[in-house]
Amino acid sequence: MDSAPGPTTAPSPRGRRTRGFGGDDRERAILATAERLFAERPLSEISVDQLARGAGLSRPTFYFYFSSKEQVLLALFDRVVEEARSNRGDALLRLTEGPEQGWRDAIGPFCATFASHRAIASAAAAAQYTSAAVKDLWAQVMEQFVAEVTAAIESERRRGAAPEGIPARDLAVSLNWMVERALFSTFGGQSPALAEDRLLDTLVAVFMSAVYGRPGN
């Protein structure tokens, strides 16, 4: 069994925030209002006044908690990513116990979490093209995923489970962007898209083919 270290956990992008976010009821009201509005319209059509009124707050009170509507989206999206990460746990460190199940346990929590918060995920995906702050956070999140998958692929190759081939990082970049597009097309109502009940099975099969040169079951 390979004794080399497996994937590492990259730092959280939370440091991007200008203010720490705690458990204040008014803050939670703003975030809940934003998630509800994101299900109805894009970030560009939501105003700070709408967020404040929806939370039962004044505009000045809103700015006590968030510096902008983009900052609200950043906070929400950060929470979605951290929820998925927490649910994933150490799945990438358990590939030695069974690669197909390991990748399923690693990818599945992101499918489930993004499905539960599809309005936030869709808003973040769209806003990265209009908001520099959202684009920056999105890039940080994707870089973390790429680093983790790169480490997992390299570990699998070192122990002889996966063949050498495409540089591990290049493969990880390609696979992560595939997952990103698949998630947002499926949960964002885009077309063409994978059906939700086939999404995870399809992604796992692609990972198995790309990393190990064989399809999943």
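So, here's what we can say about the structure. All values derive from a computational prediction rather than experimental measurement.

## Some points on the nonpolar core
So, point 1. Of all hydrophobic cores here, the largest spans 67 residues; its most connected members are Phe38, Val72, Leu73, Phe77, Trp103 and Phe114.
So, point 2. Considering each element in turn, this core owes the most residues, ten residues, to helix H7 (residues 132–158).
So, point 3. With residues up to four places along the chain from it excluded, the contact list for valine 72 reads Ile30, Leu31, Ala34, Leu51, Phe62 and Phe66.

## A word on unusual backbone geometry
So, point 1. Cis geometry marks the peptide bond from serine 191 to proline 192; its omega dihedral reads 0°.
So, point 2. In this structure, proline 192 sits in the loop between helix H8 (168–187) and helix H9 (196–212).

## Topic: H7
So, point 1. Helix length check: H7 (27 residues) gives 39 Å between terminal C-alpha atoms against 39 Å at 1.5 Å per residue, within 8%.
So, point 2. Remark: glycine 160 follows H7 within two positions and exhibits a positive phi of approximately 85°.

## Section: helix H5 (residues 99–116)
At 3.6 residues per turn, the α-helix brings residues three or four places apart onto the same side.
So, point 1. Taking 1.5 Å per residue, 18 residues should reach 26 Å; H5 reaches 26 Å between its end C-alpha atoms and fits that length.
So, point 2. Taken as a whole, H5 carries its principal kink of about 30° at isoleucine 107; the proline proline 109 stands between one and four residues after it.
So, point 3. For H5, the complete set of buried residues consists of Pro99, Glu100, Gly102, Trp103, Ala106, Ile107, Gly108, Pro109, Phe110, Cys111, Thr113 and Phe114.
So, point 4. Elements in contact with the buried residues of H5: helix H4 (69–88), helix H6 (118–127), H7, H8 and H9.

## Looking at the packing of aromatic side chains
So, point 1. Overall, the coordinates contain ten aromatic pairs when judged by the stated rule.
So, point 2. Ring-pair connections join several aromatic residues into one group, and the members of that group are Phe77, Phe110, Phe114, Trp138, Phe145 and Phe184.

## Structural notes on the environment of threonine 113
So, point 1. Relative to the helices and strands, threonine 113 resides in helix H5.
So, point 2. Since its relative accessible area comes to 3%, threonine 113 is described here as buried.
So, point 3. For the pair threonine 113 and glutamate 83, spaced 30 residues apart in the sequence, the C-alpha separation amounts to 7.2 Å.
So, point 4. Contact partners of threonine 113, with chain neighbours within four places excluded, come to Val80, Glu83, Ala84 and Asn87.

## Let's talk about the packing of H5 against H9
So, point 1. The N-to-C vectors of H5 and H9 enclose an angle of 135°; their axes lie 9 Å apart at closest approach. Between H5 and H9, the angle falls in the class oblique. The handedness of the crossing between H5 and H9 is right-handed. Between H5 and H9, the contacting residues are Pro99, Glu100, Trp103, Arg104, Ile107, Gly108 and Cys111 on the first element and Leu199, Leu200, Asp201, Leu203, Val204, Phe207, Met208, Val211 and Tyr212 on the second.

Analysis parameters
Residues numbered from 1 in each chain as written. Predicted model: local features only at pLDDT ≥ 70, side-chain atom pairs only at ≥ 80, totals over all residues. Heavy atoms only, no water. Core = buried A, V, L, I, M, F, W, Y, C linked by side-chain atoms within 4.5 Å. Buried < 20%, exposed > 50% of the residue type's maximum accessible area, 1.4 Å probe, protein only. Helix = DSSP H or I, 4+ residues; strand = E, 2+ residues; numbered from the N terminus. Contact = heavy atoms within 4.5 Å. Expected span 1.5 Å × (residues − 1). Bend = angle between axes of the 7 residues up to and from the residue. Phe/Tyr/Trp six-rings, centres within 6.5 Å; stacked < 30°, edge-to-face > 60°. Axes fitted to C-alpha atoms, helices over the stretch in contact; angles between N-to-C directions. Parallel < 35°, antiparallel > 145°, perpendicular 65-115°, else oblique. Left-handed = near helix turned anticlockwise from the far one by under 90°.

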